[in-house]
Amino acid sequence: MKHPARWIALTVGAVVAALAVVLALQVGNDPRAEQNKSTLVGKRAPSFDLATVSGGKVTARGLEGKAVIVNFWNSWCIPCKQEESALKTFWSRHKDDPNVAMVGIVRDDTAGDARRYARNHGMNWTIALDPGSQAALDFATRGQPETYAISPDGLITGSQYGPVSVGNLETMLASTKSTPQ
Amino acid sequence: MSLRRWWAWLALGLVVVVAVAITVWPRGGERSDVQRARDLAAELKCPECQGLSMGDSGSTTARAARADITRRIAHGESDAQIRQAYVDRYGESILLKPEAKGIGLIVWALPVGALVAAAGGLVIALRRWRREPRLHPTDADRRLVESTRSPTDQP
Amino acid sequence: MTAPLGYLALTVGMAGAISGISILAVGLRRHDTRLLRLGRIAVFVVLGAAIAAVAVMEWALITHDFSIKYVADNNARSTPVLFTITGLWAALEGSILLWVLILAGYLTAVAVKFRARAADPLVAWATVTGFAVAAFFFALTLFAANPFTLTPGGAPVDGQGPNPLLQNHPLMAFHPPMLYLGYVGFTVPFAFAIAALVTGRFGEGWLADTRRATLVAWGFLTVGVILGAWWSYEVLGWGGYWAWDPVENASLLPWLTGTAFIHSVIVQERRGMLRVWNLSLIIATFCLTILGTFLTRSGVIDSVHAFTLSDIGPWLLTFLAVVAAVGIGLIAWRGDRLRAPGRIDSPVSRESAFLFNNLLFAGLALVVLLGTVFPLVAEALQGRRLSVGEPYFDRMTVPLGLALLFIMAAAPALPWRATSSDVLRRRLVFPAWAGGLAMLVAVVLGVRSLTMLLTFGLAAFAIGGIVRQFFIGVRARLAASGERAPGALTGMVRGNPRLYGGLVVHLGVVLIAVALAASSGYGAKREVRLRIGQSATVDGYRVTYLGSTRSVTGQKTTVKARVRIERGGDNLGTYAPAISTFPNSTEGIGTPSVHTGALRDVYLTLVSSPNQRGRVAIGVLVNPMVVWIWIGGGVMALGTLIALAPTVRARLRRDPRRGRLASDPDGGAVAAEVREVEPV
């Protein structure tokens, strides 16, 4: 161990070994998996004030006291079509519950296309337009479909990136009733 | 001859200093709001694209974010407040330039430290070599060099 | 039917590589020349098997044999012929097949070149190393990412077709093969470095033996990186060419260490110094090619170009660990015998400039590596998700790049060993003034960014130095021989191709540096909303929206806008930016349309399709000088080709025992490189 080359080589070896361990820990760790959780969960839901396709208005304040499912969607995205029947089933179960509301916010689409699609496909929950994409930004969306659950006291208690199932929606709804940690 | 050469270099030095001075001379007024918005957007990662900033991407979110940043600047928010607002929404991974604190310090300090240390080592070695008297190879050295250098001499 | 043939070819290839290793190992052990010659023959088995496997895959692609899963996933009946053929490298499994083919090609080239020296332990060990790498990649295709797996449930009627991003530009046909020719080519100097360490002959012999292979690999990698940037510019539609994406970084990393290597070997050739450093650099370069493949192919990092998740991650990581352990272990083992015989006499000398060049390249590599893996480290250590992107890389790499530009401009004028200030002043006064005047002109023209000012000044400095060297060389030749100027120029370059090729490469680097600085600083970016017939003016360019067409092919819906570009009344043509939506993707994929000009590109993207009133949003970017990046890449490739030409002395001697070069201190390639044209 007289020559510095040995020491340098061994130091480099130690660094490489540490790096290899770090990389090994990450193998099989899907970087996209983390995306399924929004950082907003547990935080106060952003406020919004949007026009609906039927000419009305929907605001965060107006929904206070209700459990709200917010679903970002549009007319051209295929995963949105995949989750459509789940949304319908879920809504048919809960539409008569005065304490539950569901809002579909149009993301990245023209008002006309969204309105026509919602009418033709019998989407009978509140469909709101988001022209400057401000709501999409406030909810920290990363694409569509993306779904959030808001508790009656205005906290985001659940989120899902990508199409939802009826089960997912029920879990999210249940999360609005339990106290968030 | 040599005097003329020195003049050439002095004049060149003057030209370079003047050019640099004009370039970096502080121009009155603060950065324009447009420039601030552009710089901030470039520091934020576009969440639905990969590897692009809010400034570069043409996606829905990026365009909304650019509008949002402009609006926030108009409302008088500071750069730090705007950055924090995005961190609150999307988490730390929205920042394309990790903050130089905590673990983020590694990514800034390590390359700079390593470079400075290596450059320092190199300069010290060069100075030492310069001071040392020149060594002359002995016959043993020559034999060693030959033995490692001539691969084809073996059958 | 084709799948079993593919399996057979891969199995034969793997068996060939393993038997090659065994025969050579026994031969080395027993010093049996016959076995060593026999083991070499296994290279041809490996090459034949690789060619057969690729041929089978291409056949399956061309005949749309969807019973093979890879074909069903990456080809469709409607896929054009070009993208059917390039389907070989459209996804992970096929691209490893291409890797194997290129590796087999390099190994064969080595075996043919050194056929007279097959019994030389250095060559035999290098061949063993090459076989080991080949065996690993054959194993990868057989066990981890088999391209010939059958489609579960039988052949579908039609395949899915390649990833949409990979089938809309012909550059896709060239970029990956170039990159792989570069990546894989570094296996040759790596194998010889390992052989040098094992045999204890780490003098200059292995460097002389692999000089060409290293340059070839480096040249291909350079072209591959530039083509990747070009592809990104023409296809991805955000208007830039380099986003510091992990995959881009993965291709840059070995280029950085490889560039450091091709410079620092010159010091070892001339002065016998930096032995450990050169061995480490080439081992690091090879490791970085594997690390890059791991990062991009194992799905640990999310990236635009990242291939889908696969289980080759652990394989590549294990291989990387083994390679690093072997390399580092050998250097540690040989540490005491690696002591360099030379020393550097003066801090102002060519060799010291090479040292600082290496310092900066190593620094750049560290920055890029750290920035790329840092998110993984942060997540592993603290479970935090952090990002490292363009602002970080720009801040860290620009100063290093400027320092490198300075060294590149000044170093070729420095003599070896030591110099007097008089010589320096005489050699540098013209280039330095060129730089100073360029700075002055830049300031007068309104440049107000220090980075840009320094880039332009240093670029002119470097060009001044290159011009001066060519001019003096030609003048001396004209005076000596009375040739005509063009003849004198070619004669001079042929007399010392390494020097002049290197200078041409430097010229390409200067062009790229200037283009990078100009395009990052001066551009215009606007989004305009237009109805049919309306126009807008951006930075002097008038764009007019002429209408749009909508077409549906298969699952893809494409909206194409027709946009006319005019400048000062001149019609520059009609361009067609488009946007396509695919059912499986959440975002529309834009296809930009670029008007390329010598000074400015006009880069059009379709941001949104016509709304109900027929209005579209068109992104208009005016990007200055981008075309010079591609031209600079071409110049670098040309310079590499020149540098590869045989030197006059090597041509004169044509000595079959080429290894002699190294033991001759004044010999061939080495001495020619530094012949001074000017009396010192």
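Nothing here was measured: the structure is a model prediction, and the numbers come from that model.

**Side note on the overall build of chain C**
Okay, step 1: Of the regular secondary structure elements, chain C holds 22 helices and 10 strands.
Okay, step 2: Computed over C-alpha atoms, the radius of gyration of chain C comes to 27 Å, within 12% of the 26 Å expected from 2.2 N^0.38 for 680 residues, which places it in the range of a compact globule.
Okay, step 3: Burial status across chain C gives 58% buried among its 680 residues.

**Quick word on the overall build of chain B**
Okay, step 1: Along its length, chain B carries six helices and zero strands.
Okay, step 2: Shown N-terminal to C-terminal, the secondary structure of chain B runs as helices and strands in the order α-α-α-α-α-α.
Okay, step 3: Classification of the 155 residues of chain B by burial places 29% in the buried group.
Okay, step 4: Of the contacts made within chain B by residues no fewer than 6 positions apart, 43% connect residues no fewer than 24 positions apart.

**Examining the interface of chain C and chain B**
Okay, step 1: Contacts between chain C and chain B engage 67 residues on the former and 50 residues on the latter.
Okay, step 2: Elements with a minimum of two residues in the side of chain C that touches chain B: helix H13 (350-382), helix H14 (390-410), helix H15 (421-444), helix H16 (450-481), strand S9 (600-608) and helix H21 (660-663) of chain C.
Okay, step 3: Considering every element that reaches the side of chain C that touches chain B, the biggest residue donor is H13(C), with 12 residues.
Okay, step 4: Counted by class, the side of chain C that touches chain B contains 33 nonpolar, 19 polar and 15 charged residues.

**Let's talk about helix H4 (residues 79-90) of chain B**
Residue and element names in this part refer to chain B.
Okay, step 1: In a regular helix each residue adds 1.5 Å, so 12 residues correspond to 16 Å; H4 covers 17 Å between its end C-alpha atoms and thus fits that length.
Okay, step 2: For H4, the full list of buried residues reads Ile-82, Tyr-86, Arg-89 and Tyr-90. Projected down its long axis, H4 carries its buried residues within an arc of 80°, all on one side. Those residues of H4 that are exposed and aimed more than 90 degrees away from the buried face are Ala-80, Gln-81 and Gln-84.

**Quick look at unusual backbone geometry**
Residues and elements named next belong to chain C.
Okay, step 1: Phi angles above zero are rare outside glycine, and Leu-274 is one such case at about 65°.
Okay, step 2: In this fold, Leu-274 is placed in the loop between helix H10 (246-271) and helix H11 (275-297).
Okay, step 3: Located in the positive-phi region is Asp-539, a residue other than glycine, with phi close to 50°.
Okay, step 4: Relative to the helices and strands, Asp-539 is located in the loop between strand S2 (535-538) and strand S3 (541-553).
Okay, step 5: Its 16 C-beta neighbours within 10 Å are what place Asp-539 among the partly exposed residues.

**Quick notes on the packing of helix H6 (residues 121-144) of chain C against helix H8 (residues 187-199) of chain C**
Residue and element names in this part refer to chain C.
Okay, step 1: Viewed as axis vectors pointing N to C, H6 and H8 meet at an angle of 130°, and their least axial separation amounts to 8 Å. In terms of their interaxial angle, H6 and H8 are classed as oblique. Note on packing geometry: the crossing formed by H6 with H8 is right-handed. Contacts from Pro-121, Leu-122, Trp-125, Ala-126, Thr-129, Gly-130 and Val-133 of H6 reach H8 at Thr-187, Ala-191, Phe-192, Ile-194, Ala-195, Ala-196, Val-198 and Thr-199.
Okay, step 2: Within the contact of H6 with H8, the residues separate by chemical class into 11 nonpolar, four polar and no charged.

**Quick notes on the pairing of strand S10 (residues 616-624) of chain C**
The two faces of a sheet get side chains in turn, since along a regular strand they alternate between them.
Residues and elements named next belong to chain C.
Okay, step 1: Of all nine residues in S10, eight are buried, a share of seventy percent or more.
Okay, step 2: Strand direction decides the pairing type here: strand S1 (residues 524-530) and S10, joined by seven bridges, are antiparallel. Within the sheet, the bridge partner assigned to Val-528 lies in S10 and is Ile-618.
Okay, step 3: One ladder, built from eight bridges, connects S9 with S10; its direction is antiparallel. Paired with Tyr-603 across the strands is Leu-621, a residue of S10.

**What about the sheet that holds strand S6 (residues 146-150) of chain A?**
Residue and element names in this part refer to chain A.
Okay, step 1: Spatial strand order, S5-S4-S3-S6-S7: five strands in an open sheet with mixed pairing. One side of each edge strand has no neighbouring strand; the edge strands of this open sheet are strand S5 (126-128) and strand S7 (156-161). If you compare each strand with its neighbour and ignore which way they point, the axes differ by 20° on average.
Okay, step 2: In the sheet, S6 pairs with S7 via five bridges, with the strands oriented antiparallel. Its bridge partner being in S7, Ile-150 is matched across the sheet by Ile-156.

**Observations concerning H13(C)**
All names here are of chain C.
Okay, step 1: Taking 1.5 Å per residue as the helical rise, H13 with its 33 residues ought to reach 48 Å, and the 46 Å between its terminal C-alpha atoms agrees with that figure.
Okay, step 2: The largest bend along H13 measures about 45° and falls at Val-373, with the proline Pro-375 one to four residues further on.
Okay, step 3: Gly-383 sits one or two positions beyond H13 and adopts a positive phi of about 65°.

**As for the nonpolar core**
Residues and elements named next belong to chain C.
Okay, step 1: Of all hydrophobic cores here, the largest spans 283 residues; its most connected members are Leu-103, Ala-134 and Val-514.
Okay, step 2: The residues contacting Leu-103, other than those within four sequence positions of it, are Val-133, Ala-134, Phe-137, Val-184 and Thr-187.
Okay, step 3: If you look at the next biggest cluster of nonpolar residues, it comprises 19 residues, including Ile-565, Ile-579, Val-607 and Val-616.

**Details of the environment of B:Met54**
All names here are of chain B.
Okay, step 1: Position of Met-54 relative to the elements: it lies in the loop between helix H2 (33-43) and helix H3 (60-74).
Okay, step 2: Spatially, the C-alpha atoms of Met-54 and Trp-25 are 30 Å apart, while their sequence positions differ by 29 residues.
Okay, step 3: Not counting residues up to four positions away in its chain, the partners in contact with Met-54 are Ala-41, Leu-44, Cys-46, Ala-62, Ala-65 and Arg-66.

**Brief notes about the environment of A:Ile105**
All names here are of chain A.
Okay, step 1: Within the element layout of this structure, Ile-105 appears in strand S4 (residues 100-106).
Okay, step 2: Between the C-alpha atom of Ile-105 and that of Glu-146, which follows or precedes it by 41 residues, the distance is 9.8 Å.
Okay, step 3: Sequence-distant contacts of Ile-105, that is, excluding residues within four places in its chain, are made with Leu-50, Val-70, Phe-72, Ala-128, Asp-130 and Ala-135.

**A look at the sheet that holds strand S8 (residues 593-595) of chain C**
Residues and elements named next belong to chain C.
Okay, step 1: Spatial strand order, S1-S10-S9-S8: four strands in an open sheet with antiparallel pairing. For this open sheet the edge positions go to S1 and S8, each flanked by a neighbour on one side alone. With direction set aside, neighbouring strand axes in the sheet form an average angle of 20°.

**Remarks on the packing of H10(C) against H11(C)**
Residues and elements named next belong to chain C.
Okay, step 1: Two numbers describe how H10 lies on H11: the axes approach to 9 Å, and their chain directions differ by 165°. Between H10 and H11, the angle is such that the two are roughly antiparallel. H11 is crossed by H10, and the crossing has left-handed handedness.
Okay, step 2: When the residues that make up the contact of H10 with H11 are grouped by side-chain class, the tally is 14 nonpolar, 10 polar and one charged.

**Some remarks on the pairing of strand S3 (residues 67-73) of chain A**
All names here are of chain A.
Okay, step 1: Extensive coverage of S3 is indicated by the burial of seven of its seven residues.
Okay, step 2: With burial as the criterion, each face of S3 is covered, one bearing Ala-67, Ile-69, Asn-71 and Trp-73 and the other bearing Val-68, Val-70 and Phe-72.
Okay, step 3: Pairing geometry for S3 and S4, over seven bridges, is parallel. Each bridged residue has a counterpart across the sheet, and for Trp-73 the counterpart in S4 is Val-106.
Okay, step 4: In this view, the connection linking S3 to its parallel neighbour S4 by way of helix H2 (residues 78-94) has right-handed handedness.
Okay, step 5: Inspection of the sheet shows S3 paired to S6 by five bridges, in the antiparallel sense. Counterpart to Val-70 in the pairing with S6 is Tyr-148.

**Some words on the environment of C:Leu166**
Residue and element names in this part refer to chain C.
Okay, step 1: Considering the arrangement of structural elements, one finds Leu-166 in the loop between H6 and helix H7 (175-185).
Okay, step 2: For Leu-166 and Leu-381, which are 215 residues apart along the polypeptide, the C-alpha to C-alpha distance reads 36 Å.
Okay, step 3: When near neighbours in sequence (up to four residues on either side) are disregarded, Leu-166 contacts Ala-90 and Met-172.

**Remarks on the confidence of the model for chain C**
Okay, step 1: Confidence in the prediction of chain C, expressed as mean pLDDT, is 86, and 91% of residues score 70 or more.
Okay, step 2: Within chain C, the element-level pLDDT minimum falls on helix H22 (residues 668-672) of chain C, averaging 36, and the maximum on helix H19 (residues 627-644) of chain C, averaging 96.

Parameters and conventions
Residues numbered from 1 in each chain as written. Chains lettered and ligands numbered in written order. Predicted model: local features only at pLDDT ≥ 70, side-chain atom pairs only at ≥ 80, totals over all residues. Helix = DSSP H or I, 4+ residues; strand = E, 2+ residues; numbered from the N terminus. Rg over C-alpha atoms; globule rule 2.2 N^0.38 Å. Buried ≥ 20, exposed ≤ 12 C-beta atoms within 10 Å, placed from the backbone. Contact = placed C-beta atoms within 7 Å. Nonpolar A, V, L, I, M, F, W, Y, C, P; charged D, E, K, R; others polar. Expected span 1.5 Å × (residues − 1). Arc of directions from axis to C-beta. Axes fitted to C-alpha atoms, helices over the stretch in contact; angles between N-to-C directions. Parallel < 35°, antiparallel > 145°, perpendicular 65-115°, else oblique. Left-handed = near helix turned anticlockwise from the far one by under 90°. Pairing = 2+ DSSP bridges. Bend = angle between axes of the 7 residues up to and from the residue. Core = buried A, V, L, I, M, F, W, Y, C linked by C-beta atoms within 7 Å. Right-handed = clockwise from strand over helix to strand, strands pointing away. pLDDT = per-residue confidence, 0-100.

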